[in-house]
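# Residue-level structure breakdown
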Amino acid sequence: MKFNQSVEGVHTTTNFEQGKAYKFVNPIKELTIRISSYLVGEPKFYGDSKTEYNEMLALIKEVAKKDPEYILKLAVYARKELNLRSAPIMLLGEASIIDDCKPFVKSYTNHIIIRADELTEVMAYLISRIGDIGDKRDKGSMPYCLKVGLRKTFSKFTEYHFSKYDNSRSTIKLKDVIRVVHPKAPEDKIDLFKQVYSDHIPVNKDTWEYIISNEGSNDASWSKAVYKMPIFALIRNLRNILAHDVGDKAIQHALDTIMSESVITKSKLFPFRFLTAYKMLEKGNIELVDDNVYKINMKERGRYNTKPNMNTTKFMDALQQAIEISVNNIPKFEGKTAILIDVSGSMTGQKISKNSVVEPIEIASLFGAMLHRLNESNIILIYSTDLGLVNLSKKNGLLANAKVIAENEISGSGTEANKALLYLIQEKIKLDRIIVLSDEQSFTGGYSESFGECWNRYKSQINKDCWMYSINLMGYPTVQTPDTDPRGIRIGGWSDKILNFISLIEKDPNAQINHINGININNEVSTKSIG
């Protein structure tokens, strides 16, 4: 057997950095990886959103020819397990206009549309694809399969949902959905459906949004609002809460919610949300504002607070504990692991979406800290133009360790991932697995060997049984190792659930796709759940 196999001609190409790269061979695998971190229409560091969108459309059609039901299963997986919103809507919308997918749309729609506003989102998506489907007339041309699916789905929502996700100010309204799909109202919802159709959705006064909107932003209103907030709203509004005197009981309620294992398990929050909240609490810039008064400048929201809040540290500790809880349910893995983290310019030069404050490096660094916790024997290497070794203590909190990784400066903004493998080869470090957290847009710099060639040499000279996991955080269309390599595994997504696959893949290299194929809408997932 020849271990040092040639990688030339194995669907080779170049990436956005003109580095040697590889195309996906399996379209199902490519769609799975790319959709897992796809935010429809959002700009990225490389390429343009329109080109990427057209690539995704072509990929969906290609996969639909091979396995039309997989498109809908992938949409369920992306919505319920990866907690994405726009990508599942796109998959559902496209499936409704692809003949081979249509027989499955009716049954899957109810499992993809989770929020009431997604009823209008999928209708708006279809209009963007095929033109007017009834928002301006009594009858439309929505595909029948989707019409039936939305009809059934519409009826599951209550007054609370329609009020919470009221989009009466949007172009496509809930009444437009009613006009087109004609949902049959259950007996106890006849009046509600009439109100929705007449654009008189009842105002739900039992929400934190209503309290702040109706009573204004003050100590009393925020004190009440805290008790109505789900965990995501709490961590996004920690600065607002700390800027007001909400009282000790409200503070304790917020802390208990953030640290609740049952709440965290059900929340479906991306792990990086905790890191974002933590960073926003770390410091405020103190500057002279007026009348010789120094105030803390809360730059993100333009809010000024005249004094520090002694509860800030408590919330930082609560966020640390919350992320620790989220890791507890991820299986640990045995053996020796190298964790390679891309800290190049493309990982720090742009947010993951135009409305986000999160950079890809923050997701990568948090995953790196989590992987460090899950494996007893590991090394962490960060790379850009240069290579760096990061040493972490497992006694530190995950958020603190993530910050150490993200803020560990090495020179340059290049993406010379091959240096990490050359270092492992030079030091003859035998590993069970190598995990790469990146956007997979590496190039060689002054070296002749690409990342894929270095990986091939590592297997030949150091350990032929080593696994390579590339966790693709941005969903670009090229990869660093051949798609045909049975030990070169690609995983996509931002949810901590993707880390569960690492222990499963070493028993079944197709674990992620097999898991998606195992989705049974009559029983959610027919195979063993991964989390």
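Above this note sits the structure.
Residues numbered from 1 in each chain as written. Predicted model: local features only at pLDDT ≥ 70, side-chain atom pairs only at ≥ 80, totals over all residues. Heavy atoms only, no water.

Moving on to the pattern of salt bridges. Scanning the model with the defined rule gives 17 salt bridges in all. Where Glu 118 meets Arg 79, a salt bridge forms, and the shortest distance between an N and an O atom there is 2.8 Å. One end of the pair, Glu 118, is in helix α6 (residues 117-130); the other, Arg 79, is in helix α3 (residues 68-80), with 39 residues separating them in the sequence. Judged by relative accessible area, which is 0%, Glu 118 ranks as buried. A salt bridge links Lys 102 to Asp 99, with the nearest nitrogen and oxygen atoms 3.4 Å apart. A cluster of three or more residues bridged by salt bridges with shared partners is formed by Arg 79, Arg 85, Arg 115, Asp 117 and Glu 118. (Salt bridge = Lys/Arg side-chain N within 4 Å of Asp/Glu carboxyl O. Helix = DSSP H or I, 4+ residues; strand = E, 2+ residues; numbered from the N terminus. Buried < 20%, exposed > 50% of the residue type's maximum accessible area, 1.4 Å probe, protein only.)

Here we come to the nonpolar core. Counting 138 residues, the largest nonpolar core has Ile 71, Phe 162, Leu 319, Ile 341 and Leu 499 as the members making the most contacts within it. Considering every element that reaches this core, the biggest residue donor is helix α20 (residues 360-374), with nine residues. In this structure Phe 162 touches Ala 116, Leu 119, Phe 154, Phe 157, Leu 174, Leu 192, Phe 193, Val 196 and Ile 201, once residues within four positions along its chain are discounted. In terms of nonpolar packing, the next biggest core, distinct from the first, is built from 20 residues, Ala 338, Leu 381, Val 436 and Trp 455 among them. (Core = buried A, V, L, I, M, F, W, Y, C linked by side-chain atoms within 4.5 Å. Contact = heavy atoms within 4.5 Å.)

Here strand β8 (residues 387-390) shows a clear split, with Gly 388 and Val 390 buried on one side and none of Leu 387 and Leu 389 buried on the other. Of the strand pairs in this sheet, strand β7 (residues 377-383) and β8 are connected by four bridges, and their pairing is antiparallel. Note that in β8 the partner of Ile 380 across the bridge is Val 390. From the end of β7 to the start of β8, which pair antiparallel, there are three residues. (Pairing = 2+ DSSP bridges.)

Where burial is concerned, most of β7 is hidden: five out of the seven residues are buried. Pairing between strand β6 (residues 336-342) and β7: seven bridges, direction parallel. Of the residues in β7, the one forming a bridge with Thr 337 is Asn 378.

Bringing the packing of aromatic side chains into the picture now. The full count for this structure, using the stated rule, is seven aromatic pairs. Here the aromatic rings of Phe 162 and Phe 193 are separated by 6.4 Å at their centres, their planes lie at 80°, and the arrangement is edge-to-face. Linking Phe 162 in helix α8 (residues 159-164) with Phe 193 in helix α10 (residues 190-197), this pair joins segments that are 31 residues apart in sequence. In this structure Phe 162 comes out as buried when scored by relative accessible area, which is 0%. On the basis of relative accessibility, which here comes to 6%, the residue Phe 193 falls in the buried class. Among the aromatic residues, those joined into a ring-pair cluster are Phe 154, Phe 157, Phe 162 and Phe 193. A cation over an aromatic ring shows up here: Arg 487 above the ring of Trp 467, its NZ or CZ 4.3 Å from the ring centre. (Phe/Tyr/Trp six-rings, centres within 6.5 Å; stacked < 30°, edge-to-face > 60°. Lys NZ or Arg CZ within 6 Å of the ring centre and 35° of its normal.)

Read these as geometric descriptors, not functional statements.
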